[in-house]
2 protein chains.
Amino acid sequence: MKKLSTLIFFAIFAISGLSQKQRGGAEIKQLQSPQNPRIGFVVHGGAGVIPRGSLTPEKEAEYRQKLEEALMAGYKALQEGKSALDAVEIAIRILEDSPLFNAGKGAVFTADGRVELDASIMDGKTLKAGAVAGIHTVKNPISLARVVMEKSPHVMLIGEGAEKFAVKNGLDIVDPKYFWTKERWEQYERVKKEREKQANQKTSKYGTVGAVALDKYGNLAAGTSTGGMTYKMFGRVGDTPIIGAGTYANNETCAVSATGWGEYFIRLGVARDISALMEYRALPIQQAVDLVIQQKLKKLGGDGGVIAIDKFGNIGISFNTEGMYRAYINSDGKPVVLIYKDE
Amino acid sequence: MKKLSTLIFFAIFAISGLSQKQRGGAEIKQLQSPQNPRIGFVVHGGAGVIPRGSLTPEKEAEYRQKLEEALMAGYKALQEGKSALDAVEIAIRILEDSPLFNAGKGAVFTADGRVELDASIMDGKTLKAGAVAGIHTVKNPISLARVVMEKSPHVMLIGEGAEKFAVKNGLDIVDPKYFWTKERWEQYERVKKEREKQANQKTSKYGTVGAVALDKYGNLAAGTSTGGMTYKMFGRVGDTPIIGAGTYANNETCAVSATGWGEYFIRLGVARDISALMEYRALPIQQAVDLVIQQKLKKLGGDGGVIAIDKFGNIGISFNTEGMYRAYINSDGKPVVLIYKDE
């Protein structure tokens, strides 16, 4: 079987070659060999149209600083021997608490001017998972997803039922006003005006946040959290809380967190497909994420990106948008924070 | 590449051999060759502990008759040149309107004594999909899922937002009392008493309904509809509305509809995984469904089953429970209706 895998590997390698430019995540190196396992950590803060110069230098610095803060907090947890699940939750909570990203505090508004939050988390060791959708009052949806995974027999809870479960389990509950930010409200009013002119237009930026981790015990975990799309239809659920679409983790393959036009990620089962390409075709992680994002997703007409990590700590990042807020720990143990495509 | 696929095929074939008994779906023959494509149709009405003798002869006859009615209605639609999507919707509506199955009219009650319906549908040609969850007032959730797919830019709508969308699109709205049936209420009260003694016990029967179809244009479709688990937590969503878990369709591979302990089906991404095994390992459909249901699902501790059909009309059925309500059109164009494992 080993010989066969190698054969498949090279066959796929030969046919799926992509240029550096196409890859979107070309800056990522394979970090180490199976003989040298280590901890690894990657976070993202969404993908979309982020052309150079569209952010003020101050704003750009804020984004970079917050991404690095979340990255280092998760990495430190891993260094201290905490689990991949802990690292993912810690980093995502930091991004949720920031008004910069479309998750938690910085969530965008739905068509009826409310916030509706979704999140999910998955443990690659046990394949246990937790997901929540349609949340209005829970400060950190990623923590609620983890509580669903660990303290209920269920994987997914939605709406009021999920919020009751949050209260019962002592999570931080906030007034929906907590999620109001001036920037998001202005964005809502701008999109509202545009939509009144033109129906079904998609938003140009996906601010979902996510993290993937490999801990020192060899376990993988992935998590994702979002406020959805600006001006989305009330009740609309994207890929973030869909295990297999926005989030997947399996110790045998990889951990994946996605961001992008959620409907396309659901239809392709993006995160699950990346795992399947590694399991059934023995693709290296960067090739697996590129095949799904640069070929399958593009072909279907969707856009967005993913971060992924495999059981050896190799990192895969791919996006077909102009930019993606992303940060990872490189092979020297140093943080790398990136926004633009050509960085 | 062709040679390689053949190699992989035989390698997998050799290692995944299962005895007739293990397969659960051993009665199914591969229906025809790629050279002779045809229409094909399969329905299910749930899997679970259905030992021979547990149903009265009258009840058993009722189940068989209703399954055959749904099967023949979908098959007739296909014969008349209607689409796979039409056939799936037509058959599932019949099962939803029957009090016998845990979907629509016959839905079970949640822990707080309500019904909460989920459904999804997917078009293998376009990979478009529609899903709804947490529905209380829509008579036929499968039709709402189709309307979400065809008349919204979204894949998934939940709760009140989904119901508003149903009203806007003129679907049949019913008083929640419509879903009250004596049998389900007694089942609820029985489970409630048991649960008060013993927490987190799982239900022994999964009454989800579903259908998969191949139409004369070579297009595949799959659909699934459910009332969830008796005494489930308010807001709990199982695999039925999760594209890739309970439902998947892709013209390149197969259409799949699942029934069972939903949490396990989500964690494995069952429907998407079956499609991946066909796409990446060239497994024949019966081997793909058996590998996931008899090996992966069992290993994880879950139970249930799937029906599937490939682009040539070959059928795959597999379940690891004592029985599964299922019906399909055989190679002579005749209906076959089965309930027990050893039938």
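See the structure shown above.
Reading the values: the criteria
Residues numbered from 1 in each chain as written. Chains lettered and ligands numbered in written order. Predicted model: local features only at pLDDT ≥ 70, side-chain atom pairs only at ≥ 80, totals over all residues. Heavy atoms only, no water. Helix = DSSP H or I, 4+ residues; strand = E, 2+ residues; numbered from the N terminus. Buried < 20%, exposed > 50% of the residue type's maximum accessible area, 1.4 Å probe, protein only. Contact = heavy atoms within 4.5 Å. Areas by Shrake-Rupley, 256 points an atom, 1.4 Å probe, with all protein chains shown as cover. 1 Å grid on protein atoms, 1.4 Å probe; cavity = no way out; pocket = protein on both sides within 12 Å on 5 of 7 lines; lining within 4 Å. Points joined across faces, edges and corners; volume = space filled by probe spheres on them. Nonpolar A, V, L, I, M, F, W, Y, C, P; charged D, E, K, R; others polar. Buried area = accessible area lost by both parts, 1.4 Å probe. Salt bridge = Lys/Arg side-chain N within 4 Å of Asp/Glu carboxyl O. Polar contact = N/O pair within 3.5 Å; in protein donor to acceptor, adjacent residues only side chain to side chain. Pairing = 2+ DSSP bridges. Axes fitted to C-alpha atoms, helices over the stretch in contact; angles between N-to-C directions. Least-squares fit on C-alpha atoms with pLDDT ≥ 70 in both. Parallel < 35°, antiparallel > 145°, perpendicular 65-115°, else oblique. Left-handed = near helix turned anticlockwise from the far one by under 90°. Expected span 1.5 Å × (residues − 1).

Student: Is there a simple way to explain the overall build of chain A in this structure?
Tutor: Within chain A, the regular secondary structure consists of 10 helices and 14 strands. Going through the 343 residues of chain A one by one, you find that 65% of them count as buried. Across chain A, every contact between residues at least 6 apart in sequence was considered, and the portion connecting residues at least 24 apart equals 71%. Accessible surface, chain A as shown: approximately 12,400 Å² in total, 53% of it carbon and sulfur.

Student: Can you help me understand empty space enclosed by the protein in this one?
Tutor: Empty space among the atoms becomes visible once a probe the size of a water molecule is rolled across them. Under the defined criterion, the tally for this structure stands at five cavities of 30 Å³ or more. Of the pockets and cavities examined, the largest cavity occupies roughly 100 Å³. As for the largest cavity, its lining consists of 15 residues, and the residues nearest its centre are Thr208, Thr226, Gly228, Arg236 and Gly260 of chain B. Taken as a whole, the second largest cavity spans an internal volume of roughly 80 Å³. Taken together, Tyr206, Gly207, Thr208, Thr226, Gly228, Met229, Arg236, Gly238, Asp239, Thr240, Gly260 and Gly262 of chain A make up the full set of residues lining the second largest cavity. Here the residues of the lining of the second largest cavity sort into two nonpolar, eight polar and two charged.

Student: Just to check I follow, could you spell out the interface of chain A and chain B for this structure?
Tutor: When the parts of a complex come together, some accessible area is lost, and that lost area is often used as the size of the interface. Taken together, the contact between chain A and chain B spans 46 residues of the former and 46 residues of the latter. Interface area for chain A against chain B, summed over the two sides, is near 4,200 Å², with a carbon-plus-sulfur share of 68%. Taken as a group, Ile158, Arg267 and Tyr280 of chain A account for 17% of the area that chain A buries against chain B, more than any other trio of residues on that side. Here chain A is connected to chain B by four salt bridges. For Arg272 of chain A, the salt bridge is made with Asp273 of chain B, and the minimal N-O distance between the two is 3.0 Å. At the junction of chain A with chain B, the criterion picks out 23 residue pairs in polar contact (both at pLDDT 80 or more). Counting residues per element, the ones that place at least two in the side of chain A that touches chain B are α1 (2-15), β3 (128-135), β4 (156-158), α6 (159-168), β8 (236-237), α8 (262-268), α9 (270-281) and α10 (285-300) of chain A. Among the elements that take part in the side of chain A that touches chain B, α9 of chain A stands out by supplying seven residues, more than any other. Here the side of chain A that touches chain B is built from residues that sort into 27 nonpolar, eight polar and 11 charged. Where β4 of chain A meets strand β8 (residues 236-237) of chain B, two bridges bridge the pair, whose relative direction is antiparallel. Across the sheet, residue Met156 of chain A finds its bridge partner in β8 of chain B, namely Val237 of chain B.

Student: Explain the sheet that holds strand β10 (residues 254-260) of chain B here, please?
Tutor: Strand pairing in a sheet relies on backbone hydrogen bonds. The paired strands run either parallel or antiparallel. Residue and element names in this part refer to chain B. Reading across the sheet, the four strands line up as β9-β10-β11-β12 and stay open at both edges, with antiparallel pairing between neighbours. Looking at which strands have only one partner, the edges of the open sheet turn out to be β9 (247-249) and β12 (315-319). Geometrically, the sheet is characterised by an average inter-axis angle of 10 degrees between neighbouring strands, direction not taken into account. Bridging between strand β11 (residues 304-310) and β12 involves five bridges; their strand directions are antiparallel. Bridging across to β12, Ile309 finds its partner in Ile315. Contacting β9, β10 and β11, helix α9 (residues 270-281) runs over the sheet at an angle of about 145 degrees to β10. The strands that helix α10 (residues 285-300) touches are β10, β11 and β12; relative to β12, the one it contacts most, it runs at about 15 degrees.

Student: Where do I start with the pairing of strand β7 (residues 220-226) of chain B in this structure?
Tutor: Looking along a regular strand, one sees side chains alternate from face to face of the sheet. Residues and elements named next belong to chain B. Most of β7 sits inside the fold, with seven of its seven residues counted as buried. Side chains of β7 alternate between two faces, with Leu220, Ala222, Thr224 and Thr226 and Ala221, Gly223 and Ser225 buried alike. For strand β6 (residues 209-214) and β7, the ladder comprises six bridges, and the chain directions are antiparallel. Looking across to β7, one finds that Gly210 is bridged to Thr224.

Student: Got a minute to help me understand the relation of the copies chain A and chain B in this structure?
Tutor: Note that the two copies of the chain are related through a rotation about an axis and a translation along the same axis. Rotating chain A by 180 degrees and moving it 0.0 Å along the rotation axis overlays it on chain B with an RMSD of 0.0 Å. On this basis, the relationship between the two copies can be described by a two-fold rotation axis. In this assembly the copies share their binding face: 100% of the residues contributing to the interface of chain A also contribute to that of chain B.

Student: Before we go on, may I ask you to explain the environment of Val88 of chain B in this structure?
Tutor: Residue and element names in this part refer to chain B. Residue position: Val88 is located in helix α4 (residues 84-97). For Val88, a relative accessible area of 0% corresponds to the buried category. For Val88 and Thr224, which are 136 residues apart along the polypeptide, the C-alpha to C-alpha distance reads 8.8 Å. With residues near it in sequence (within four places) discarded, Val88 still touches Phe41, Ile121, Ala211, Val212, Ala213, Ala221, Ala222 and Gly223.

Student: Help me out: how do you make sense of the packing of helix α5 (residues 141-151) of chain A against α6 of chain A in this one?
Tutor: How two helices pack is summed up by the angle between their axes together with the distance between the axes. All names here are of chain A. Where α5 meets α6, the closest approach of the two axes is 10 Å, and the angle between their N-to-C directions is 80 degrees. Considering the angle they form, α5 stands roughly perpendicular to α6. From α5, Leu144, Val147, Val148 and Lys151 reach across to α6, where they touch Ala162, Phe165 and Ala166. When its residues are assigned to classes, the contact of α5 with α6 shows six nonpolar, no polar and one charged.

Student: I would appreciate a short explanation of the side chain of Thr240 of chain B in the present structure.
Tutor: Residue and element names in this part refer to chain B. Along the chain, Thr240 turns up in the loop between β8 and β9. Judged by relative accessible area, which is 2%, Thr240 ranks as buried. When sequence neighbours within four positions are dropped, the list of residues in contact with Thr240 reads Asp118, Ala119, Ser120, Thr208, Thr224, Ser225, Thr226, Gly246 and Thr247.

Student: Quick question: what am I supposed to make of the packing of α9 of chain B against α10 of chain B here?
Tutor: All names here are of chain B. Axis separation between α9 and α10 bottoms out at 9 Å; the angle between their running directions is 135 degrees. Accordingly, the angle class assigned to the pair α9 and α10 is oblique. When you trace α9 past α10, the crossing you get is right-handed. Where α9 abuts α10, its residues Val270, Asp273, Ile274, Leu277 and Met278 lie against Ile285, Ala288, Val289, Leu291, Val292, Ile293 and Lys296. Its residues placed into classes, the contact of α9 with α10 shows 10 nonpolar, no polar and two charged.

Student: For this particular structure, what's the right way to read helix α3 (residues 57-79) of chain B?
Tutor: Since the α-helix packs 3.6 residues into each turn, any two residues three or four apart lie on the same face. Residue and element names in this part refer to chain B. Across its 23 residues, α3 extends 32 Å between first and last C-alpha, which sits within 8% of the 33 Å expected from 1.5 Å per residue. Within α3 the residues assigned to the buried category are Glu60, Tyr63, Leu67, Ala70, Leu71, Gly74, Tyr75, Ala77 and Leu78. Downstream of α3 by a residue or two, Gly81 has a phi angle that is positive, lying close to 95 degrees.

Student: Looking at this structure, I do not really get the pattern of salt bridges. What am I missing?
Tutor: Oppositely charged side chains are able to pair whenever their charged atoms sit close together. Throughout the structure, instances matching the rule amount to 32 salt bridges over all chains. For Lys296 of chain A, the salt bridge is made with Glu279 of chain B, and the minimal N-O distance between the two is 3.3 Å. With Lys296 of chain A in helix α10 and Glu279 of chain B in helix α9, this pair bridges two chains. A salt bridge links Arg236 of chain B to Glu263 of chain B; the shortest N-O distance between them is 2.7 Å. Note that Arg236 of chain B is positioned in strand β8 and Glu263 of chain B in helix α8 (residues 262-268), a separation of 27 residues in sequence. Grouping residues by exposure puts Arg236 of chain B and Glu263 of chain B together as buried.

From the geometry alone we can't say anything about function, so treat these as descriptive.
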